[in-house]
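Descriptive structure summary
One letter stands for each residue in the lines below.
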Amino acid sequence: WKGKIKTLVKSYNKINNSTMSEVTESIKSNEPSAVGGFSFDNVHRNRMIENLAKDSNSVLPQATKTGTTIVGLVYKDGVVLGADTRATNDTEVAEKNCEKIHYLAPNMYCCGAGTAADTEMTTKMISSQLELLRMNTHSPSRVVTAFTLLKRKLFQYQGHISAALVLGGCDINGPHVYQIYPHGSTGKLPYTTMGSGSLAAMSVFEQGWRENMAENEAVELVRRSILAGVFNDLGSGSNCDTCVIRMDGTVAYNRGDVTPNPVQPLRDGISHSSKLSISAGTTPILSTKHQRFPVTLADVDVVEA
Amino acid sequence: MTSVINNPLDYSSKLKKGEVSTGTTIMAIPFDGGVVLGADSRVSTGVYIANRVSDKIAQISEHIFVCRSGSAADTQALTDYVKYYLSQLSIETGRPPLVKVAAHLMRQLCYENKNNLMAGVIVGGWDPVHGGQVYNIPLGGTIMQMPFAIGGSGSTYIYGLVDASFQENMSAEDARALVKKAISHAMARDGSSGGIIRTVVVRAEGNDRDYTPGNQLPYGPAGW
């Protein structure tokens, strides 16, 4: 599809008799330049490309959505986060084993549902802001800081960043779980679920959650709720990842905690023609020649600008 | 950032697709020496309840609270802005802020941004100058000081009840009982209201936060 985008852009240029830089310059001059983060300069260009694509009957690439089941709960000594691992492109599974539990800080992780790129980049941005803040304040990040940074950014973009997040972590004030919606609204709860499989997962939570659960019970409840999403929601599937963040500062990130959908048995079940597996020695070696490749070490002077 | 240009004559700004709404019933009644605020706790996205125990009574100053209804994101952001402006103001003036000032700050934000917001709020509080006051700020940014205020989608079902039961110069306990009764009735009839009833009694001496669980409401469907 890259070739198709190039030809569309060329035809757009020919029509408008202007270069891409002129178009973006004209947009840039109207809007104040953003400091870091997202830039929406290409919205105009993308709309032009979409209109051209409609005329020439070509298919544009789609943003990958994480169908998703993500959950978080508070237990006696911390929080447990859980997520499935399926990333979908409409009805196709784009990635069977993607990571939806994103690192924010040593004491905080964030599960993301919605557009995969949006959740990934938003959490990365806030994670770097938190790291800079830790350097400036010489103290561990608080969950409410990440929560506020995330909700302000999402509200600023009025829902165009499609990221629904379950934020969980432990700080000086105790264990916390927050839910953050794409439009910027938030809630603080003892247990929460989000994503297309949230209804299935919430039914398990509502039946099983109690205050001050032990760690093994809490992790088992999270596993059951994610599996409820995996098996009952078409947008969720494959494996269950869990992440336990404890008040004492330790974190147990279990990638592939439960893998009820192994792919290898399916692959093994496909019978290949024996002609496709070629054993070593099938092609006769007529002659062998070894030649040394000359390598010279050169001294390079680094000149300071 | 380019945005979709709406029809300028379309005043009814609806919730965007997937946006979270505080469906809601909110209420506030002033009494001699303070004010009682009450709200349900249901937050919905479409027909799914995103949060069944949310807190819609936000504190913006020591003795001033805001009941939120409409878009959850918009009202949370508005509350944060007003809280910030009020704290700056109280540092600059050296006094606790007046409820009238808080209400007018809220009204200014709601009115100036009426095309992009969907927020109906009730500002209620106590200050040493005018005592307990309640200001109703519905969609669009009108401000009205009232002897009692109700708002949100569930309020339409209890206008008659509140008009008949309200009396001037009620005590704090009577006001609180009326708030709980009215909100229970609204929760019984409005699908977007439910959960628990949260109440806050604001007085000079201090505030009293309380909640009534959903199965102990003064009025509810038979069989609870």
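Summarised in this report is the structure supplied together with it. (Residues numbered from 1 in each chain as written. Chains lettered and ligands numbered in written order. Predicted model: local features only at pLDDT ≥ 70, side-chain atom pairs only at ≥ 80, totals over all residues. Heavy atoms only, no water.)

Here the focus is the pattern of salt bridges. Two side chains bearing opposite charge may form a pair once their charged atoms approach each other closely. Scanning the model with the defined rule gives 15 salt bridges over all chains in all. In this structure, D80 of chain B and R152 of chain A form a salt bridge, with 3.2 Å as the shortest nitrogen-oxygen distance. Of this pair, D80 of chain B sits in helix 1 (residues 72-93) while R152 of chain A sits in helix 5 (residues 143-156), each in a different chain. Residue classification places R152 of chain A among the partly exposed residues on the basis of a relative accessible area of 46%. Ionic pairing is found between E215 of chain A and R246 of chain A, a salt bridge with its closest N-O pair at 2.8 Å. (Salt bridge = Lys/Arg side-chain N within 4 Å of Asp/Glu carboxyl O. Helix = DSSP H or I, 4+ residues; strand = E, 2+ residues; numbered from the N terminus. Buried < 20%, exposed > 50% of the residue type's maximum accessible area, 1.4 Å probe, protein only.)

Before going further, it helps to spend a moment on the side chain of R68 of chain B. Residues and elements named next belong to chain B. Relative to the assigned elements, R68 resides in strand 7 (residues 64-71). Buried R68, no salt bridge; nearest opposite-charge side chain is D55, N-O distance 6.7 Å. A polar side-chain atom of R68 sits 3.2 Å from the main-chain carbonyl oxygen of D55. One polar contact links R68 to T75, side chain to side chain, over a distance of 3.0 Å. (Lys, Arg positive; Asp, Glu negative; His and termini not counted. Polar contact = N/O pair within 3.5 Å; in protein donor to acceptor, adjacent residues only side chain to side chain.)

Every contact between the two is made by 20 residues of chain B and, on the other side, 24 residues of chain A. Connecting chain B to chain A are 5 residue pairs in polar contact (both at pLDDT 80 or more). (Contact = heavy atoms within 4.5 Å.)

Let us look at the sheet that holds strand 13 (residues 251-258) of chain A. Residue and element names in this part refer to chain A. One open sheet holds the 5 strands; their spatial order is 11-2-3-12-13, and the pairing between them is antiparallel. On the outer flanks of this sheet lie strand 11 (191-194) and strand 13, each paired with one strand and no other. Across the sheet, the axes of successive neighbouring strands diverge by a mean angle of 10°, strand direction being ignored. Both strand 12 (residues 240-246) and strand 13 contribute to a ladder of 5 bridges, which runs antiparallel. Following the sheet pairing, I245 is matched in strand 13 by V251. Here helix 6 (residues 198-208) sits on the sheet and contacts strand 2 (70-75) and strand 11; the angle it forms with strand 11, its principal contact strand, is near 160°. (Pairing = 2+ DSSP bridges. Axes fitted to C-alpha atoms, helices over the stretch in contact; angles between N-to-C directions.)

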